[in-house]
Amino acid sequence: IGVSPIAATAMTGFSLAADSSNTFSTSTQIKGKAYAADYAPPTPSKMTTAISDMETAYTDAAGRISDESNRNIKSGLISGMTFTAGVYKWDSDVMFSADIYIKGS
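Residues numbered from 1 in each chain as written. Predicted model: local features only at pLDDT ≥ 70, side-chain atom pairs only at ≥ 80, totals over all residues. Heavy atoms only, no water.

A.B. asks: Please explain the nonpolar core as it appears in this structure.
C.D. replies: In a soluble, globular protein the nonpolar side chains are often hidden away together inside. Core analysis: the largest hydrophobic core is formed by 7 residues, namely Val3, Ala8, Met11, Ile30, Ala34, Ala36 and Tyr39. Beyond its immediate chain neighbours, meaning those up to four positions away, Tyr39 contacts Ala8, Leu16, Asn22, Thr23, Phe24, Ser25, Ala34 and Pro44. (Core = buried A, V, L, I, M, F, W, Y, C linked by side-chain atoms within 4.5 Å. Buried < 20%, exposed > 50% of the residue type's maximum accessible area, 1.4 Å probe, protein only. Contact = heavy atoms within 4.5 Å.)

A.B. asks: Is there a simple way to explain the packing of aromatic side chains in this structure?
C.D. replies: The way to describe two aromatic rings as a pair is by their centre distance and the angle between their planes. Applying the stated rule across the entire model yields 4 aromatic pairs. Taking the centre distance of 6.3 Å and the plane angle of 75° together, the rings of Phe83 and Trp90 count as edge-to-face. Note on Phe83: relative accessible area 9%, which makes it buried. Note on Tyr88 and Trp90: the rings are 6.3 Å apart at their centroids and 20° apart in plane angle, and the pair reads as stacked. Looking at Lys33, its charged tip hangs above the ring of Phe24, at a distance of 4.3 Å from the centre. (Phe/Tyr/Trp six-rings, centres within 6.5 Å; stacked < 30°, edge-to-face > 60°. Lys NZ or Arg CZ within 6 Å of the ring centre and 35° of its normal.)

A.B. asks: Is there a simple way to think about the side chain of Ser66 in this case?
C.D. replies: You can see Ser66 is positioned in the loop between helix H1 (43-62) and strand E5 (82-83). Given the relative accessible area of 10%, Ser66 is considered buried. Non-local contacts of Ser66, meaning those with residues more than four positions away in its chain, are made with Arg71, Val87 and Lys89. (Helix = DSSP H or I, 4+ residues; strand = E, 2+ residues; numbered from the N terminus.)

A.B. asks: How do you make sense of the environment of Ile78 when you look at a structure like this?
C.D. replies: Its place among the elements puts Ile78 in the loop between H1 and E5. For Ile78, a relative accessible area of 4% corresponds to the buried category. In this structure the C-alpha to C-alpha distance between Ile78 and Phe96, which are 18 residues apart in sequence, comes to 5.4 Å. Dropping the residues within four chain positions of it, Ile78 is found in contact with Ile73, Phe83, Trp90, Val94, Met95, Phe96 and Ile100.

Spelled out as structure tokens, the structure:
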């Protein structure tokens with residue numbers, strides 16, 4: 001999980017513990033690491049790159065046409081589903097209360 005351009009204090013409710021390098025934090029509530037723009041270098045530049053990559057991916061995905069078989073799957077209730085490569089679109093909210101899985105490259 002990561003936040004930028006805001007500080008780590010914006011991630012509330014996670015009981016973050018900073019690593020000795022101060023480039024990331026951990027928490028028993030997060031599987032993996034937490035990052036913020038105010039952590040030690042190289043974290044800020046990596047956050048900027050990640051946001052740029054996310055914006056590029058969103059723009060690319062938004063311009064793709066979905067296969068009708070991948071539209072409105074399970075009326076947006078997708079708990080427990082495994083998604084393979086493709087474009088998925090819903091005309092409603094998408095909700096999940098259990099894990100979802102992404103498979104493929």
